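# Notes for the structure review
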Amino acid sequence: METLCYHDPAFDRGCIRCTGDLYLCGGKPEPGAAGQIAHKLNRLPLRFFDQNKAGEILSRVTSDLDKIADVLQTGLLKLIVAIGTIIGSLIMMFYYSVSLTIIFLIFMLISIVITQIVAKKNLRCAAERQETIGELTGIVEEYYNGRNVIKAYNHEWESIDQVAVAVEKNRIANLKADFLTNCVNPLIRLLTRLANVVIAIVAGKAMLEGGMTVGVVQAFFQYVNQTAEPLTEASFMINSLQAALASAKRTFELLDEEEEIPDPQAPAVLEHAKGRIAFERVSFGYNPGHLLMKDISFEAKPGQKIAVVGSTGAGKTTLVNLLMRFYEVNGGRITVDGVNAADMTRSGLRKNFGMVLQDTWLFGGTVAENIAYSKPDATRDEIIRAAKAAKVDYFIRTMPKGYDTMLDNEAANLSAGQRQLLTIARVFLCDPPIIILDEATSSVDTRTEVEIGKAMKKLMDGRTSFVIAHRLSTIRDADTILFMENGNIIEQGNHKVLLAKKGAYATLYYSQFE
């Protein structure tokens, strides 16, 4: 059977490896919930992931879908069969006795009313259960990622208590939902038994009066008994469907989330950009009603090194996110070689960038595959050259299987500095015209930083580079330094010019070297 790929053209990077039925490359999403959600997640803006915990999103695409699948695969067919059996039996019951059938329909109506009342309450409880599952998944994921910090500050018991509280909330929600789901069966069976008693009394009287024969009464009771169990089962399945409806609501809320602005139908194509970047009166705010940046303007010429500095929360990373179109500007425009970034596809724009973040990310795979993430078709020789340029080749060769050593998804068998070196090697491999370094050497020692600095200087030669740095000693040779404060550029110029101004940059610089 052919394996289909769930792919968004905006993320066209080629294949890394097969992950079973789900591929994150090539082809269109396969129809169905899984394909739609995989496609949707690729279309959601970065803002969505900033506002939602990873565990809660994971709960929506796993637990909720499982709940829908379980109910629909087993329950829907049973419900259809039960309804068909009930309708057929009622027709035969009307044929034998209209009066007895009306008595049965009265009890059946009471059963339907009870089922509706319980189903409404069950829907609320099922929604609460899925919300508590999402909350629990989010807490577990958060504490798992922060396990080292939790242990370092001796908060193990507090974290256990927090998880225990979330588990208890989920247990109570499950208890309510399960009780409401399972209480319908005995209630409906009780009503059908009462219906049998009333029908038996009325039928017995009719037989004594000569209005009905024993054979007709026996046949009628046969159809009553034939209807009773499907009626009970239908009530149970309708109640069980509430869990699927609650999960479906959460799933559709995800599918209805606002997506990124679609790529233009006739996009501008920029191959091998020279690296001229311009911000022209750019305004941006995470909340459209509250702008963080206002009228940001500057230009980076091809081959220049642009340093972005400022205090924590000044907007340095936000500026880079706008450059990569992780967020859309609220006003103005950003151009690359004179071409408006909004006129290009996101994948077309990002092919011209290489990016190294402060928070490293490595996936479960070999060392070579992790380096080749920026260029999946790279040869082994190209990977080794990139590793040597990033000063990472030596320690890779000391690993058990060298470049074929398997890493887990957190690369726990590597130090923070080694992980960062591997991500730097990715940039060397893809050889982009524009480079972004967000505290790229923050996790390496001073000696390694010097070595990487030499390699980076060679790499940045002839390429436009944006460097976010807190240590001002690393960016003194920058062509332009942008000093940001509260989302705006309050000073710009080279190191000497800004020191001569004796402004915010000079104050920060001298404070680091006092």
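Scroll up for the structure.
One structure accompanies this document, and this report is about it.

Analysis parameters
Residues numbered from 1 in each chain as written. Predicted model: local features only at pLDDT ≥ 70, side-chain atom pairs only at ≥ 80, totals over all residues. Heavy atoms only, no water. Helix = DSSP H or I, 4+ residues; strand = E, 2+ residues; numbered from the N terminus. Buried < 20%, exposed > 50% of the residue type's maximum accessible area, 1.4 Å probe, protein only. Contact = heavy atoms within 4.5 Å. Areas by Shrake-Rupley, 256 points an atom, 1.4 Å probe, with all protein chains shown as cover. Salt bridge = Lys/Arg side-chain N within 4 Å of Asp/Glu carboxyl O. Core = buried A, V, L, I, M, F, W, Y, C linked by side-chain atoms within 4.5 Å. Pairing = 2+ DSSP bridges. Axes fitted to C-alpha atoms, helices over the stretch in contact; angles between N-to-C directions. Patch = residues over 30% accessible without salt bridge, like charges linked within 9 Å, V, L, I, M, F, W, Y side chains within 5 Å. Parallel < 35°, antiparallel > 145°, perpendicular 65-115°, else oblique. Left-handed = near helix turned anticlockwise from the far one by under 90°. Nonpolar A, V, L, I, M, F, W, Y, C, P; charged D, E, K, R; others polar.

### Comments concerning the overall build of the protein
A count of helices and strands for the protein gives 18 helices and 12 strands. Expressed as a percentage of its 514 residues, the buried residues of the protein come to 45%. Sequence separation of 24 or more characterises 74% of the internal contacts of the protein that already satisfy a separation of 6 or more. Within the structure as shown, the protein displays about 27200 Å² of accessible surface, and the carbon and sulfur contribution to it stands at 57%.

### Focus: the pattern of salt bridges
Per the counting criterion, the structure on display carries 16 salt bridges. Residue R346 pairs with E260 through a salt bridge whose shortest N-O separation is 3.5 Å. Placement of the pair is R346 in helix α11 (residues 346-350) and E260 in the loop between α9 (214-255) and β1 (277-284), with a sequence separation of 86 residues. Judged by its relative accessible area of 1%, R346 is buried. With a shortest N-O distance of 2.8 Å, R333 and E280 are connected by a salt bridge.

### Quick word on helix α10 (residues 316-323)
Most of α10 sits out of view: 7 of its 8 residues are buried. For α10, the complete set of buried residues consists of K316, T318, L319, V320, N321, L322 and L323. One or two steps after α10, the chain reaches R325, where phi turns positive at roughly 60°.

### Structural notes on the nonpolar core
Counting residues in hydrophobic clusters, the biggest one holds 44 residues, and the most contacted among them are I371, V392, I396, L422, I475 and Y505. If one sorts the elements of this core by residue count, helix α15 (residues 416-430) sits on top with 7 residues. Excluding anything up to four places from it in sequence, I475 contacts K305, A307, V309, V467, A469, I481 and Y505.

### Quick notes on the sheet that holds strand β9 (residues 434-438)
One open sheet accounts for 6 strands, arranged β6-β9-β10-β3-β11-β12; its pairing is mixed. Strands with a single pairing partner mark the edges of an open sheet, and in this sheet they are β6 (353-356) and β12 (488-493). Adjacent strand axes in the sheet meet at a mean angle of 15° when their direction is disregarded. When strand β11 (residues 480-485) meets β12, the two strands line up antiparallel, connected through 5 bridges. Looking at the pairing, E485 lines up with N488 of β12. Contacts between α15 and the sheet are confined to β6 and β9, with β6 contributing the most and set at about 170° to the helix.

### Quick notes on a nonpolar patch on the surface
A surface patch of nonpolar side chains, amounting to about 420 Å² of accessible area, comprises F94, V98, I102, I106 and I110. With 4 residues, the single largest contributor to the nonpolar patch is helix α5 (residues 98-145). By secondary structure assignment, the location of F94 is in helix α4 (residues 63-96). Residue classification places F94 among the partly exposed residues on the basis of a relative accessible area of 37%.

### Observations regarding the pairing of strand β4 (residues 331-336)
Two elements, β1 and β4, share 5 bridges in a ladder whose sense is antiparallel. Its bridge partner being in β4, S283 is matched across the sheet by G331. Relative to strand β5 (residues 339-340), β4 runs antiparallel, the two sharing 2 bridges. From the neighbouring strand, T335 faces β5, where its bridge partner is N340.

### Notes on the packing of helix α8 (residues 184-208) against α9
Relative orientation of the contacting elements α8 and α9 amounts to 165°, with a least axis distance of 10 Å. It follows from the interaxial angle that α8 and α9 lie roughly antiparallel. For α8 against α9, the interelement crossing comes out right-handed. Its residues placed into classes, the contact of α8 with α9 shows 14 nonpolar, 7 polar and 2 charged.

### A short note on the packing of helix α3 (residues 54-61) against α5
At a minimum axis distance of 7 Å, the contact between α3 and α5 shows a crossing angle of 135°. Between α3 and α5, the crossing angle belongs to the class labelled oblique. Judged by the twist between their axes, the crossing of α3 over α5 is right-handed. In contact with A54, G55, E56, L58 and S59 of α3, α5 contributes Q130, I133, G134, E135, T137, G138 and E141. The residue inventory of the contact of α3 with α5, partitioned by class, reads 3 nonpolar, 6 polar and 3 charged.

### Examining unusual backbone geometry
Look at D337: it is not a glycine, yet its phi comes out positive at around 55°. Among the secondary structure elements, D337 is positioned in the loop between β4 and β5.

Note that all results are geometric; they support no functional claim without further evidence.
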